[in-house]
Amino acid sequence: AQKITQTQPGMFVQEKEAVTLDCTYDTSDPSYGLFWYKQPSSGEMIFLIYQGSYDQQNATEGRYSLNFQKARKSANLVISASQLGDSAMYFCAMREVGRSNDYKLSFGAGTTVTVRA
Amino acid sequence: DSGVTQTPKHLITATGQRVTLRCSPRSGDLSVYWYQQSLDQGLQFLIQYYNGEERAKGNILERFSAQQFPDLHSELNLSSLELGDSALYFCASSPTSGGVDTQYFGPGTRLTVL
């Protein structure tokens, strides 16, 4: 079963506007972590932000914030004040901690963001 | 720069050949993870090592093997290569073997099998 679902294959956003990337997850593990990574066209995977399942507040890192809705099992990434350099593929990932014997990241299919000038 | 290094950056080889991909984790990180990114499968976990020992296995083919050395660098060996093995191979590292440590990724090795 798909553990991470990203339903938006591609999105366009105007420079300086905000964009929300959707991510829903599926787990019965009470302890898990949610991550967002950015992959520009050059190919590297860049860590952006992390949210733990027990964290009470939504994570923020500069222009990135994570809208964590635990009951709905969603962890949407919000990028504020988009810049041309934000054009990239964005991946949502989950790491189950409580019951799993391994700590691999399970990735979604990714969302391509294109920022227009 | 994540602090994780991978060599080579690009590798072009023929079917049936064997290659070795190398990864050096961030300073102080004990865990190394290998992932494969392909167009049809997306990002898939292959294997994890922690302080020299295999900790977890994912969708790793029997033709593939890995190890982590005493200096904590890791190598992923791919043998009897097939066209379908063409992919971007990432190494990631984290401080420990569990919890919710962030995994930091290297720049990847792009393997092309002709």
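Above: the structure in question.
Residues numbered from 1 in each chain as written. Chains lettered and ligands numbered in written order. Predicted model: local features only at pLDDT ≥ 70, side-chain atom pairs only at ≥ 80, totals over all residues. Heavy atoms only, no water.

### Points about the state of the cysteines
Within the structure shown, the criterion is met by two disulfides over all chains. Sulfur-sulfur distance for the disulfide between A:Cys23 and A:Cys92 comes to 2.0 Å. Taking the torsion about the sulfur-sulfur bond, which here is approximately -60 degrees, the covalent link between A:Cys23 and A:Cys92 counts as left-handed. Of this pair, A:Cys23 sits in the loop between strand 3 (19–21) and strand 4 (24–25) while A:Cys92 sits in strand 10 (residues 88–96); the two residues are 69 residues apart in sequence, bridging distant segments of the chain. The same class applies to A:Cys23 and to A:Cys92, which are both buried. The disulfide that involves B:Cys23 links it to B:Cys91, with 1.7 Å between the sulfurs. Its torsion about the S-S bond being -45 degrees, the disulfide of B:Cys23 and B:Cys91 is classed as left-handed. Here the residue B:Cys23 occupies a position in strand 3 (residues 19–24), and B:Cys91 occupies one in strand 9 (residues 87–94), the gap between them amounting to 68 residues. (Disulfide = S-S within 2.5 Å. Helix = DSSP H or I, 4+ residues; strand = E, 2+ residues; numbered from the N terminus. Buried < 20%, exposed > 50% of the residue type's maximum accessible area, 1.4 Å probe, protein only.)

### Observations concerning the nonpolar core
The biggest cluster of nonpolar side chains holds 25 residues, and the ones touching the most others in it are A:Leu21, A:Tyr25, A:Trp36, A:Ile49, A:Leu77 and A:Tyr90. Only strand 2 (10–14), strand 3, strand 5 (32–39), strand 6 (46–52), strand 8 (64–69), strand 9 (74–79), strand 10 and strand 12 (111–116) of chain A provide two or more residues apiece to this core. If one sorts the elements of this core by residue count, strand 10 of chain A sits on top with four residues. Core analysis: the next-biggest nonpolar cluster, separate from the first, contains 20 residues, B:Leu21, B:Phe64, B:Ala66 and B:Ala87 among them. (Core = buried A, V, L, I, M, F, W, Y, C linked by side-chain atoms within 4.5 Å.)

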